[in-house]
Amino acid sequence: MLQKEFEGKMLARRSNIELIRIISMLMIVFHHYAVHSKWVFSEVYSNRQYFIEVIGSFGKIGVILFVLITGYFLTDSTWKPKKLSKLWGLVTFYSLSIYLLFLFLGKIQLSKYGWGYLFPIPLSLYWFPTYFFFLYLLLPMLKTFVAAVDNKKILSSLIFFICAARLSAVLKNVTDYGTSFSLDKLFLMIIFVLIGYLIKEYEDQIIERHTALLLILGIFSFALIIAGPKLINSLNDSFALHFSHYFLAELNSLTALVFSVCLFILLLKVNIQSLLAKLLGSCMFAVLLIHDNPIVRDTLWVQTFKNAEHFLDPWPQFILRAVAEPLLVFFLCVLIELARKTILKFLRRFRSTELAKNPT
């Protein structure tokens, strides 16, 4: 009986994690719709521009959620070089396949940039897979670190460090000073891994005692992110010029981190057992590799959908396109990855059968 309950809990937990992966990748796809469509905005700030910027505000939150998952399983998972080779192989497969396909179709020409598609990780064709690869190399050291240091010390250090780093960014913009302390993306991802680890360590206590606080912080941070572009645009021109429209939703944003953590923990409470979630969740990294390929993203958002040309469409049509296009891209990428997995599984079975028939 206890074994069945344990297995059911683990299935639910896995489904929860896959649900988080799916939500995070949807955020990223919608973000890419907003930032890669090459919109031409007028000098007067419009509601349409605000709408697009709101859609684009959740991409980095999707990234944070993705890395929190890695931290959540930091002490449970086993570091294996095979996982690194699989990651390298998957990234290279999609980058090179897409490059060769477009080369064959005559859409692109041979150039020195082709090396990026052959070596996508060392030449950083995609920023996130590259940083994630090097983050994975650091996981054994992070695992040793969390085993040796008291969790409360890790938590307090992270809180002070994150606040101090964000204060630097705020001061730079407010004072219009040329330089300030800033965190590299890899360092930020290390911080997210440690936060994910702490969530796992304190999960039961947080959910049992602080659910109401999580809801309040989550709603407040969500409202700030949604209002962010308007708030920044409402500042006087000389002041607003120094702030990005995504200042409250950037990778190093405290608001984005608070919302991501709240959403992550609340989604852990969702009790689902879904094979579909597990199936879709396993395709999420490939969804990123396909739709955010430098060749594909320009082909999708600019040449195929021609979003910039539809900026002044009637509102119902404009909103429909903004919702339907990212969803269509998301599910097409899922189908491509499922097809790749099916073909690969067939080839493995065929090879096993042949080896069984003709042992050497």
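Before reading further, recall that the structure is shown in the block above.
(A) Representation of the overall build of the chain in the model. A tally of regular secondary structure across the chain gives 15 helices and zero strands. For the chain, the C-alpha radius of gyration of 22 Å lies close to 21 Å, the compact-globule estimate for 360 residues. Overall size of the chain, expressed as C-alpha extent along the three principal axes, is 75 × 55 × 40 Å. The proportion of buried residues among the 360 residues of the chain is 44%.

(B) Quick look at a positive patch on the surface. Together, Lys80, Lys82, Lys83, Lys86 and Arg348 give the surface a local cluster of positive charge. Looking at the secondary structure, you find Lys82 in helix H4 (residues 81–104).

(C) Structural context of the side chain of Ser95. Here Ser95 is to be found in helix H4. The class for Ser95 is buried, based on a relative accessible area of 0%. Apart from residues no more than four positions distant in its own chain, Ser95 is found in contact with Tyr117, Pro120, Leu125, Tyr126 and Asn293.

(D) Structural detail: the side chain of Ser260. Relative to the helices and strands, Ser260 is located in helix H11 (residues 254–268). By relative accessible area, Ser260 is classed as buried at 0%. A polar contact of 2.7 Å, which involves the side chain of Ser260, links it to the backbone oxygen of Ala256. Once residues within four sequence positions are removed from consideration, Ser260 is found in contact with Ile61, Ile64, Leu65 and Leu68.

(E) Representation of the pattern of salt bridges within the structure. Tallied over the entire structure, the rule returns seven salt bridges. Here Asp76 ties to Lys200 by a salt bridge, and the two come within 2.2 Å at their closest N and O atoms. Note that Asp76 is positioned in the loop between helix H3 (59–72) and H4 and Lys200 in helix H8 (residues 185–209), a separation of 124 residues in sequence. For Asp76, a relative accessible area of 48% corresponds to the partly exposed category. Across the salt bridge formed by Glu337 and Arg340, the nearest N and O atoms sit 2.9 Å from each other. Taken together, the residues span about one helical turn, with Glu337 and Arg340 both in helix H15 (residues 315–357) at a distance of three residues. Given the relative accessible area of 2%, Glu337 is considered buried. The exposure class of Arg340 is partly exposed, given its relative accessible area of 22%.

(F) Structural view of a nonpolar patch on the surface. Together, Trp88, Trp115, Leu118, Phe119 and Leu123 make up an exposed nonpolar region whose accessible area comes to about 490 Å². Residue placement: Phe119 occurs in the loop between helix H5 (114–118) and helix H6 (127–148). According to the relative accessible area criterion, Phe119 is partly exposed, its value standing at 35%.

(G) View of the environment of Phe222. Looking at the element boundaries, Phe222 is found in helix H9 (residues 211–233). For the pair Phe222 and Ser260, spaced 38 residues apart in sequence, the C-alpha separation works out to 9.3 Å. Discounting residues that sit within four places of it in the chain, Phe222 has contacts with Phe58 and Phe259.

The rules behind these values
- Residues numbered from 1 in each chain as written.
- Predicted model: local features only at pLDDT ≥ 70, side-chain atom pairs only at ≥ 80, totals over all residues.
- Heavy atoms only, no water.
- Helix = DSSP H or I, 4+ residues; strand = E, 2+ residues; numbered from the N terminus.
- Rg over C-alpha atoms; globule rule 2.2 N^0.38 Å.
- Buried < 20%, exposed > 50% of the residue type's maximum accessible area, 1.4 Å probe, protein only.
- Patch = residues over 30% accessible without salt bridge, like charges linked within 9 Å, V, L, I, M, F, W, Y side chains within 5 Å.
- Areas by Shrake-Rupley, 256 points an atom, 1.4 Å probe, with all protein chains shown as cover.
- Salt bridge = Lys/Arg side-chain N within 4 Å of Asp/Glu carboxyl O.
- Lys, Arg positive; Asp, Glu negative; His and termini not counted.
- Charge placed at Lys NZ, Arg CZ, Asp CG, Glu CD.
- Contact = heavy atoms within 4.5 Å.
- Polar contact = N/O pair within 3.5 Å; in protein donor to acceptor, adjacent residues only side chain to side chain.

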